[in-house]
Amino acid sequence: MSVITRNCVRVRGPESARPMVFAHGFGCDQTMWRAVAPDFAVDHRVVTFDHVGAGGSDLSAYDPERHGSLRGYADDLVEVVREMDLTDVVLVGHSVSSMIGVLAVLAAPERFGALVMVGPSPRYVDDGDYTGGFSRSDVAALLDSLDSNPAQWSAALAPLVAGPGNPEVAVELAESFCRTDPRVARDFARVTFLSDNRADLPAVRVPTLVLQCTDDAIAPEPVGRYVHSRVPGSVFTRLAATGHCPHLSAPEETAAAIRAFLRDN
């Protein structure tokens, strides 16, 4: 099967323009970029896609072994970029796709020219002096809840992800979580919340923007500051947007921050 079909790739914007690839987070799909990506299609070749198991992707391509780690998702992304023969790519990753982006950049550095991480977290679980925002028991309870009652889990998690003052975003996220194939959702949740990519950050050698939201319960500010401190030469921008999904709750602010970064990169 074509990787373009596998990942439901969509392209817009001038063919000769610098490419931008937008990668969505856990429980979501490429439609979550609908208020940000078109802003860049006027002067970039904008590429959106669905991770296998999400949105319009081909579920038959889901491989529990390959997709049992973030590297499998990064390999998928690299295959899409190579299939389209893209270079100097601006990769914009939200949440877990920030770390998928890091792994993709390290796997194919010749393909990527810049990295934008929206609400990144290299490890969600607290570890010694490192603050990830969740205890081991928090994550265990979260995963147990997903196993026992996915609908209730979605309804409970969505407001936490959306953040204060964003009820419409919470409703959209809950619906999106419920649309995700349950098997994939369980597996991807474990991969997301139990991964540790801290050691990968210092190897990133492309210009990098870390976008940090206010009152983000999923990736709190100490986590964003940690990522910034570990990625050489990275830029840290704190958004006024609250919650974990600024591309939904504050798309204009999010797009403006990315554009400001790209003017110099």
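Residues numbered from 1 in each chain as written. Predicted model: local features only at pLDDT ≥ 70, side-chain atom pairs only at ≥ 80, totals over all residues. Heavy atoms only, no water.

So, the pattern of salt bridges
Then, in step 1: Tallied over the entire structure, the rule returns 18 salt bridges.
Then, in step 2: Among the ionic pairs, Glu221 bridges to Arg225, the shortest N-O distance being 3.1 Å. Here Glu221 and its partner Arg225 are both found in helix 9 (residues 221-230), four residues apart, which amounts to about one turn of the helix.
Then, in step 3: Glu221 gets classed as partly exposed once you look at its relative accessible area, which sits at 23%.
Then, in step 4: With a relative accessible area of 41%, Arg225 lands in the partly exposed category.
Then, in step 5: Here the salt bridges share partners, and the residues they tie into one network are Arg6, Arg66, Asp76 and Glu79. (Salt bridge = Lys/Arg side-chain N within 4 Å of Asp/Glu carboxyl O. Helix = DSSP H or I, 4+ residues; strand = E, 2+ residues; numbered from the N terminus. Buried < 20%, exposed > 50% of the residue type's maximum accessible area, 1.4 Å probe, protein only.)

What to know about helix 4 (residues 96-107)
Then, in step 1: Taking 1.5 Å per residue as the helical rise, helix 4 with its twelve residues ought to reach 16 Å, and the 17 Å between its terminal C-alpha atoms agrees with that figure.
Then, in step 2: Of all twelve residues in helix 4, ten are buried; the element is thus mostly enclosed.
Then, in step 3: Buried within helix 4 we find Val96, Ser97, Ser98, Met99, Ile100, Gly101, Val102, Leu103, Ala104 and Val105.
Then, in step 4: Buried residues belonging to helix 4 abut strand 2 (19-23), helix 3 (70-83), strand 4 (89-94), strand 5 (112-118) and helix 8 (182-194). (Expected span 1.5 Å × (residues − 1). Contact = heavy atoms within 4.5 Å.)

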